[in-house]
Amino acid sequence: MSEFHISVIVPIYNCCAYLEKCLASIAAQTMTNFEVILIDDGSSDGSSEIAQKFAQENPGWQYIWQANGGVAVARNQGLARATGEYIAFIDADDHIDKCMLQEMYIAAQTEQADMVLCNYCEEKDGVCSKPILTFAKEIFEDVDEILLQCIAPKYALWGRLIKRCIINHCRFLNKNGEELAFFLQFLLSIKRVSVVNKPFYYYVQQPDSLMHQKDNEVPEFTMMEAIVQRVFPVWQEQKMETKLFNFAFLMAYAGMLYTPSVANGEKAFYRRQVTCMKTWSGFEIFCYQLLKTNELNLLYQSKAMGCKFYYLSKVTFALLARDLDNCAIKVMRMTVWWIRRKRGG
C-alpha cells in the first residue's frame, strides 16, 4: 500500500514569474495525503530559491536539482522517485483549483479508474476562458474511445491522475517530453477512465511556457520517430488493431508538425521524417484508409486536429503514396508555415 495517495510531479525551469502561484495552489489543496516532487532542471532565474522554500515549508515535498537536460529528463526523474498510488503532472507556469486532487482521487476510488481527467480553462493576461473540453459521458472503457475522447483532444499530461502501477515502466522518449508517445506506451493498460467535468486546471498561456517555448533547435528525435521506432514495435507484439495504429500515426504526424522548432528544419530533416514514416510496415494500409475511407475522419470530429490540417495531411500522404516525396515535403513545409501563421509566430 502506497504511503501517499498521489505523487505530484512538477518540472521547473526558469519560471520564477509564475512558480509561486503554481506551488501555492498545490500547497492549498483540501487533500493532505499527497507528495510533491519538484525537479529543478538547472534554473538560473530565482526559481530554485522559490522551490526550495516550498519544499522546506511543506511536509511530503522534496526538491531535486539536476543539470539542464530538458523536460523529459525532469519528468523521468520525477517518475523514478514517485511513490504515490496515482501520478499527477503539473506544469510550473500553471495553477490548479484547491479541490482538484481530492475530487479527482475520490472519482478514481469510486469508479475504480486507471485514469481520471478533469476539464481546464485557458488563462491569458489574467483572463480565464470558459471550460475547453466537452465530454460525451463520464466513464470510458473502450480503447478507441479512450484514445479519441480522452487523449486525442488534448494529449497533455496535466489535468489527469494516472495509476502509478500502469506507468511505472514508461519513460519520456525525447528531450522535449512528447506526451503522445508517453500515452501510447500504456494505452492498452488503461481499462477504465473517469471524467470529473469541472475546470480544475488553469493552463496559463505564456510565450516562454514549457509547452510554448520556441526553441530554434530542430528536434533530434521527433514524435513521429518516437512512435514508429519505439511504440509501434511493442504494439505489434500486443496485436493492436490496425485502426489504432492509423489513429496514432496521424496524431504523431500532427504533433510533429505542430512542434514549433520543426519550422526551422531543412529539407534533409523532412526527408528523414518521410523515410521514417515509410519504414513503418503499416504505411500503405494507412494511406489507403486515409485516402479511400472515412475511418480517420474521427480525428477531426473528436477535435484532435482541425479540418483544414486533416485535408492538408491527405494531400501530403496522397503524394507520398505515389512516391512524390519532394512534392510531399513542399506540402509539409507549407503546412508548418500555415500553422505558424495561425499561431501568430
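Residues numbered from 1 in each chain as written. Predicted model: local features only at pLDDT ≥ 70, side-chain atom pairs only at ≥ 80, totals over all residues. Heavy atoms only, no water.

Enquirer: If you had to explain the overall build of the chain to someone new, which residues and values would you point to?
Expert: Per the secondary structure count, the chain includes 14 helices and 10 strands. The globule rule puts the C-alpha radius of gyration for 345 residues at 20 Å, and the 20 Å found for the chain is close to it. Of all 345 residues assigned to the chain, the portion counted as buried reaches 55%. Here the analysis covers contacts within the chain between residues at least 6 apart in sequence; of these, 80% occur between residues at least 24 apart. Surface exposure of the chain reaches about 15000 Å², of which carbon and sulfur atoms provide 50%. (Helix = DSSP H or I, 4+ residues; strand = E, 2+ residues; numbered from the N terminus. Rg over C-alpha atoms; globule rule 2.2 N^0.38 Å. Buried < 20%, exposed > 50% of the residue type's maximum accessible area, 1.4 Å probe, protein only. Contact = heavy atoms within 4.5 Å. Areas by Shrake-Rupley, 256 points an atom, 1.4 Å probe, with all protein chains shown as cover.)

Enquirer: Provide a residue-level description of the packing of aromatic side chains, including the pertinent values.
Expert: Scanning the model with the defined rule gives 30 aromatic pairs in all. Residues phenylalanine 283 and phenylalanine 317 carry aromatic rings whose centres are separated by 6.1 Å and whose planes lie at 55° to one another, so their mutual orientation is tilted. In this pair, phenylalanine 283 sits in helix α11 (residues 283-292) while phenylalanine 317 sits in helix α13 (residues 307-321), placing the two residues 34 residues apart along the sequence. Across the pair, exposure class does not vary: phenylalanine 283 and phenylalanine 317 are buried alike. Here the aromatic cluster, defined as three or more aromatic residues joined through ring pairs, consists of Phe232, Trp235, Phe245, Phe249, Tyr253, Tyr258, Trp280, Phe283, Phe286, Phe309 and Phe317. Looking at lysine 53, its charged tip hangs above the ring of phenylalanine 54, at a distance of 5.2 Å from the centre. Here arginine 75 stacks its cationic end above the ring of phenylalanine 172, 5.5 Å away from the centre of that ring. (Phe/Tyr/Trp six-rings, centres within 6.5 Å; stacked < 30°, edge-to-face > 60°. Lys NZ or Arg CZ within 6 Å of the ring centre and 35° of its normal.)

Enquirer: Explain the pairing of strand β3 (residues 61-65) residue by residue, including any values.
Expert: Strand direction decides the pairing type here: strand β2 (residues 34-40) and β3, joined by five bridges, are parallel. Considered in β3, the bridge of leucine 38 is made with tyrosine 63. Of the crossover connections in this fold, the one passing from β2 over helix α2 (residues 47-57) to the parallel β3 is right-handed. (Pairing = 2+ DSSP bridges. Right-handed = clockwise from strand over helix to strand, strands pointing away.)

Enquirer: Quick rundown of the pattern of salt bridges? Include the residues and the values.
Expert: Taken as a whole, this structure holds 13 salt bridges when the rule is applied. Taking the shortest distance from any N to any O, the salt bridge between lysine 198 and glutamate 103 comes out at 2.8 Å. Of this pair, lysine 198 sits in strand β10 (residues 193-204) while glutamate 103 sits in helix α4 (residues 100-111), placing them 95 residues apart in sequence. Take glutamate 103: its relative accessible area is 27%, and that puts it in the partly exposed class. Lysine 243 is paired through a salt bridge with aspartate 144; the nearest N and O atoms lie 2.5 Å apart. Placement of lysine 243 in helix α9 (residues 242-258) and of aspartate 144 in helix α5 (residues 143-151) is noted, with a sequence separation of 99 residues between them. The class of lysine 243 is partly exposed, set by a relative accessible area of 26%. (Salt bridge = Lys/Arg side-chain N within 4 Å of Asp/Glu carboxyl O.)

Enquirer: With reference to specific residues and values, describe the confidence of the model for the chain.
Expert: Detailed conclusions should not be drawn from predicted coordinates in areas where pLDDT is low. Per-residue pLDDT for the chain averages 90, and the proportion of residues at 70 or more is 94%. Scored below 50 in pLDDT, residues 210-215 shows 18 contacts in the model against residues more than four places distant or in partner chains. (pLDDT = per-residue confidence, 0-100.)

Enquirer: How would you explain helix α3 (residues 71-81) if you had to name every residue and give the values?
Expert: What α3 keeps buried is the set Val71, Ala72, Ala74, Arg75, Asn76, Gly78 and Leu79. Contacts made by the buried residues of α3 are with β1 (6-12), β2, β4 (86-89), α6 (164-167) and α7 (179-185).

Enquirer: Tell me what's going on with the nonpolar core, and back it up with residues and numbers.
Expert: Ranked by internal contacts, the top residues of the largest apolar core, which has 129 residues, are Ile26 and Phe317. Excluding residues within four positions of it along the chain, phenylalanine 317 makes contact with Phe249, Leu250, Tyr253, Met277, Phe283, Phe286, Cys287, Leu290 and Leu291. (Core = buried A, V, L, I, M, F, W, Y, C linked by side-chain atoms within 4.5 Å.)

Enquirer: Let's hear about a positive patch on the surface: which residues, and what values?
Expert: Taken together, Lys267, Arg271, Lys330 and Arg333 make up a surface patch of like positive charges. Elements supplying a minimum of two residues to the positive patch: α10 (267-279) and α14 (325-343). Assignment of secondary structure puts arginine 333 in helix α14. For arginine 333, a relative accessible area of 34% translates into the label partly exposed. (Patch = residues over 30% accessible without salt bridge, like charges linked within 9 Å, V, L, I, M, F, W, Y side chains within 5 Å. Lys, Arg positive; Asp, Glu negative; His and termini not counted. Charge placed at Lys NZ, Arg CZ, Asp CG, Glu CD.)

Enquirer: Please give an account of the side chain of serine 7 that cites residues and values.
Expert: Looking at the secondary structure, you find serine 7 in strand β1. Classification of serine 7 as buried rests on a relative accessible area of 0%. Reaching out from serine 7, the side chain makes a polar contact with the backbone nitrogen of threonine 83 at a distance of 3.3 Å. Separated by 2.7 Å, the side chain of serine 7 and the backbone nitrogen of glycine 84 make a polar contact. If near-sequence neighbours (up to four positions away) are discounted, serine 7 is found in contact with Glu35, Ala82, Thr83, Gly84, Tyr86, Ile87 and Ala88. (Polar contact = N/O pair within 3.5 Å; in protein donor to acceptor, adjacent residues only side chain to side chain.)

Enquirer: An account of unusual backbone geometry is requested, with residue identities and associated values reported.
Expert: One non-glycine residue, aspartate 125, lies in the positive phi region at around 55°. Its place among the elements puts aspartate 125 in the loop between β6 (115-124) and β7 (127-128). According to the relative accessible area criterion, aspartate 125 is exposed, its value standing at 73%. In the Ramachandran plot, aspartate 323 falls in the positive-phi region, its phi being about 60° despite a non-glycine side chain. Take aspartate 323: it is sitting in the loop between α13 and α14.

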